[in-house]
Amino acid sequence: MGKFTEDDLKKELETKEYEYGFYTDIESDKFPIGLNEDVVIAISKKKNEPAWMTEWRLDAFRIWKEMTEPEWANVRYEKPSFQDISYYSAPIQKPKLNSLDEVDPELLKTFEKLGISIGEQKRLSNVAMDIVIDSVSVATTFKKTLNERGIIFCPISEAIQEHPELVKKYLGSIVPKTDNFYAALNSAVFSDGSFCYIPKGVTCPMELSTYFRINEGGTGQFERTLLIADEGSYVSYLEGCTAPARDENQLHAAVVELIALDDAEIKYSTVQNWFPGDKEGKGGVYNFVTKRGLCEKNAKISWTQVETGSAITWKYPSCILKGDNSVGEFYSIAVTNNFQQADTGTKMIHLGNNTKSTIISKGISAGHSHNSYRGLVQISPRANNARNFSQCDSLLMGDKCGAHTFPYIEVKNKSAQIEHEATTSKIGEDQLFYCNQRGINTEKAIALIVNGFGKEVLNKLPMEFAVEAQKLLEISLEGSVG
Amino acid sequence: MELKEKLVSSFLAFENKGNIDLDSTVHAIRLNAIHNFETAGFPTKKDEEWKYTSLNPLLKNDYSLFPNAEKSVGFKNVEAYLINDIESYTLIFVDGVFNSFLSETTHEDCDVCVLSSALARPKYKMVVDNYLNKIANKNNSLAELNTAFVKEGAFINIPKNTIVSKPIQIINFSTGSEKEVLLQPRNLVVVGENSHVQIIERHQNLSKNTTLTNSVTEIFVHKRAIVDYYKIQNDTNESSLIDSTFISQKQQSVATVNTFSFGGKITRNNLEFYHEGENITSNLNGISILNEKQHVDNHTLVDHKSPNCESHELYKGIYADKSVGVFNGKVIVRQAAQKTNAFQQNNSILIDDGATINSKPQLEIFADDVKCSHGCTIGQLDESALFYMQSRGIPVKEAKALLLYAFGNDVVEKIKIPQLKSLISKLIAKKLNVQLGFEL
Amino acid sequence: MLKINNLHANINGKEILRGINLEIKAGEVHAIMGPNGSGKSTLASVIAGKEEFEVSEGTVELNGEDLSDFAPEVRAHKGVFLSFQYPIEIPGVTVTNFIKTAINETRKAKGMGELPAKEMLQMIREKADLLEIDRKFLSRSLNEGFSGGEKKRNEIFQMAMLEPQLAILDETDSGLDIDALKVVANGVNKLKSEKNAVLLITHYQRLLDYIVPDFVHVLYNGKIVKSGGKELAYELEEKGYDWLK
């Protein structure tokens, strides 16, 4: 019979190319490899930064030098050599862009290949975009509309020049330089990223979006995002990531800090599709990311992530629920295939009274990959009536992969109510036959079932992203085991 | 002198005292173990496995390692800690020394005796060589420490097709003959094919002096054998216990360990199951009811290595005052272990602010066709149930105690020895201050 | 339309179908009855192409085309529909999304474009009404937490959407109360035409009061031991299966 066997599927998967693995041929201005104080100073100079910023970076560099790489995560990889990386690479182009028409046409082509043609985005959806290629922000759209409402949305390099008081106040306030090895490194060498400030009482009228792309070989990308939602404001922020296929490993060490002041709400969504390496496990991005948000009174931060890329993922978007009645949410789908390894999850730190957190984590492992959920729910002695609900589900495809759950639950207040559930499952033969009988082939059936598995998370994504995320899930699992 | 140095430097004296045969298996095992312990030392909170339990308060004491003066202990002194209303074999150790007067051993259908005599007699050489220290986890430095000083404890050897007619009680008493004493009992249990045994283990301090017990038990469960093991931990506030129990199961065997922790200062239970065959069932049940500054850390591991096996794990905890509960349940399902069913549940109630629970239910799955789940809840008593009971005239304090009692009841229900069940019920009731107006 | 010739099938070497011959023409309704374990459900699964059954001998032809080499989804594209005795749950996938995928995949296989969303919605509404299905039901996860009756109704709803040539209803009456049975039967009757055919698989005569068969076959021990008109069903109801052994 014309059976589409697991082996067929595997074969097909192996021949599947990384769809976003193209390289844009743009001239770039790149530093020689290596890292020392001079390089840090040079990066700062390149950006015309004020002295306080240079000092801040140098301080971070000195801290970083004393630190060692963390080893507790459930991932195995050859450690990157930090002296073999170029810490600055920028596409060469006109110094300042006033409109999209001035963007390098090669770059625009890149965006189109990414499926995020800026023009189309503009037309279809109300999305303001900031685009970061390698290390530099190259285009920010919709600036004017945002300005009218007092919203600041610009590259962080620009914010350092134009809004130093905000940057000084908040940069490093949530993720201090001393936080961890990669955060310290990022603090020393970050070259760009997005900055966003929503004034008091303002509901941001459109989705804000940043697209990150590593283009140049042998570089690291260290972007820094700082997002401040002032009292009573609301913003939904999207972040997308891709990188070309290369056979060396590229390093990505980002830091994202969110501040939600009283009654503010931040929705932060990520679709991460860095190059995951080839089917042999060669190449791929090392993604070491520190993301953390602080909630003041009645504030809410919601992290949603769809993670399909990177060779190694090390990422725990977290919420510090400092204010009373604040709410933290974490919705995640992490897919690993071939030789990918992901160790991802969240930390919910309950400090205020009546704080609430929800964790929904869906891990899908295929091929020879390893997918770990690592999460911390911490209820401090003073946090009365804290609530947490966590659900961690794993879907395994084949018997060469692994799914792991490492939840840490620490409760020091008697009024806390915590519920944690975890399950593992596979795609059943009977489910596939049922779909087949209704005319749906095995591959499509797998996509359907996986999308169903991740539905609670996909539903949390803004519409424009949900479609893309679903497509990504399909691509990254295409031909996986049935 | 630091405790570690003291232990290491006492090793030679300990071996010499025993007139040890330098060619014997046990000598080699001890030598290797003391070396491992010396290299690894005591675990600290930096070790992931000891993240929530610090041994520091225990390591400061100047323990007597070999209490020599055996205080005379009569039946009257220990009666309260024995289950007397059933026929049983009893192995009673006082300050680490076997007390034959209080014990009842056998060599008839099976061997229920002491490890020191098994180590000394050629008749048991095969058993010792085949089993001793074969599954104790070499990465557990405390188990290695116990192995270095392996000498005395229970030796239970059940041949195949034997149903041991009565339960076996193993009780370790400390008398306070020294101000601070370290005891290291070592139990070896081998259960042959188709055999069945029930074992109750207890540690009891009879004085107000300090006792630290570092106990290791290895249990080998052969084909289709059934082992029910009960651990009663209701010691004084001056007593701490580090218990490491390792269980190796062959096909179609069923092993159950029930741990009841109500007393003691710091109690750490390492309970590890290793599957060596198909259709194995492992059951792990526990209930901790703590108050004051008590600290109980239950670390469990079920290592599913073969297909078609099951494990069921249920741990409950009630924590009052400034007590601390830790649950770290690890389930590994290896690639070959298809069709595994592994369930794990940890439910806790905090009674007072200041009490802490740290729970880490951990799954590591490498096979796809498996059913694994874990659940963890932390909460309070059901307010509506409380109100309901109050409305029927039950005062709130009693109502709470009754609800807590009911919370732990599904673990108690798993006890298969009626007399033990009633004892545990009474201990729970006492701990919770519940007046039991009826026999449970 | 459907022609089964000397069909033998086994599972793990255990022979279950031992030489089935059956012909169904367009416009006909056939019923297959038989005691438990006689091979009724196996026959349905083999026609639909379930891979755990091995066909050792014989053929199944649809419109003169041998189906043996076709995967289940290809058979579905060619017009075979099996209403499952135990419909499968797919968490997170809504009834609507599922049927939309099924229809568009079938259209794709036939070289047609996707059905425009508007028409799809229109059709879903129409067929849902036919089976007295609540709109809310359509956005629930497929078969997850459905009652027995809801599951069966959903199967017939999908059948109505997919408009198959040959509908095989495997124990569709089991688990249905009388009201639900009427709704389901009514739906099937409305879908019946000169161009399609229905194969009912049932243990009891009850369903046949509502969907009246042109032919009744008795399956016993992997073979059709008796065929007749609808009166045969009453005879079986009265006498049981023992007299046929």
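The preceding data block contains the structure.
## Focus: the interface of chain C and chain A
No. 1: In this complex, chain C contributes 38 residues to the contact, which on the side of chain A involves 21 residues.
No. 2: Counting across the chain C and chain A interface gives 1 salt bridge.
No. 3: Between Arg-438 of chain A and Glu-155 of chain C there is a salt bridge, with the nearest N and O atoms lying 2.9 Å from each other.
No. 4: Counting across the chain C and chain A interface gives 11 residue pairs in polar contact (both at pLDDT 80 or more).
No. 5: Put simply, the parts of the chain that give the side of chain C that touches chain A at least two residues each are helix 1 (40-48), helix 2 (72-77), strand 6 (80-83), strand 7 (90-94), helix 3 (95-109) and helix 5 (148-162) of chain C.
No. 6: The element that contributes the greatest number of residues to the side of chain C that touches chain A is helix 3 of chain C, accounting for 6 residues.
No. 7: Of the residues that constitute the side of chain C that touches chain A, the class distribution is 18 nonpolar, 12 polar and 8 charged.

## Some words on the interface of chain A and chain B
No. 1: Every contact between the two is made by 31 residues of chain A and, on the other side, 36 residues of chain B.
No. 2: Carbon and sulfur atoms supply 47% of the area buried between chain A and chain B, which totals about 2700 Å² over both sides.
No. 3: Its largest share of buried area at the contact with chain B, chain A owes to Tyr-408, Lys-414 and Thr-424 of chain A, together 21% of the area lost on that side.
No. 4: The interface formed by chain A and chain B includes 0 salt bridges.
No. 5: Linking chain A with chain B are 19 residue pairs in polar contact (both at pLDDT 80 or more).
No. 6: Elements with a contribution of two residues or more to the side of chain A that touches chain B: strand 23 (402-411) and strand 24 (417-426) of chain A.

## Some details on the sheet that holds strand 5 (residues 65-66) of chain C
All names here are of chain C.
No. 1: As summarised here, the arrangement of the 4 strands in space is 2-1-4-5, forming an open sheet in which the pairing is antiparallel. Each edge of the open sheet carries a strand with a single partner, namely strand 2 (14-24) and strand 5.
No. 2: Contacts between helix 1 and the sheet are confined to strand 1 (2-11), strand 2 and strand 4 (54-62), with strand 1 contributing the most and set at about 110° to the helix.

## Looking at the pattern of salt bridges
No. 1: All chains considered together, the criterion is met by 45 salt bridges over all chains.
No. 2: Close ionic contact of Arg-62 of chain A with Glu-37 of chain A constitutes a salt bridge, the shortest N to O distance being 3.1 Å. Residue Arg-62 of chain A is located in helix 3 (residues 51-65), and its partner Glu-37 of chain A is located in helix 2 (residues 37-46); the two are separated by 25 residues in the primary sequence.
No. 3: For Arg-224 of chain B, the salt bridge identified is with Glu-193 of chain B, shortest N-O distance 3.8 Å. Here Arg-224 of chain B is found in the loop between strand 9 (210-221) and strand 10 (226-233), whereas its partner Glu-193 of chain B is found in the loop between strand 7 (186-191) and strand 8 (196-205), with 31 residues between them in sequence.
No. 4: Of the residues examined, Glu-193 of chain B reaches a relative accessible area of 26% and is grouped as partly exposed.
No. 5: Within this structure, Glu-37, Glu-55 and Arg-62 of chain A form a network of salt bridges that share partners.

Basis of the calculations
Residues numbered from 1 in each chain as written. Chains lettered and ligands numbered in written order. Predicted model: local features only at pLDDT ≥ 70, side-chain atom pairs only at ≥ 80, totals over all residues. Heavy atoms only, no water. Contact = heavy atoms within 4.5 Å. Salt bridge = Lys/Arg side-chain N within 4 Å of Asp/Glu carboxyl O. Polar contact = N/O pair within 3.5 Å; in protein donor to acceptor, adjacent residues only side chain to side chain. Helix = DSSP H or I, 4+ residues; strand = E, 2+ residues; numbered from the N terminus. Nonpolar A, V, L, I, M, F, W, Y, C, P; charged D, E, K, R; others polar. Buried area = accessible area lost by both parts, 1.4 Å probe. Pairing = 2+ DSSP bridges. Axes fitted to C-alpha atoms, helices over the stretch in contact; angles between N-to-C directions. Buried < 20%, exposed > 50% of the residue type's maximum accessible area, 1.4 Å probe, protein only.

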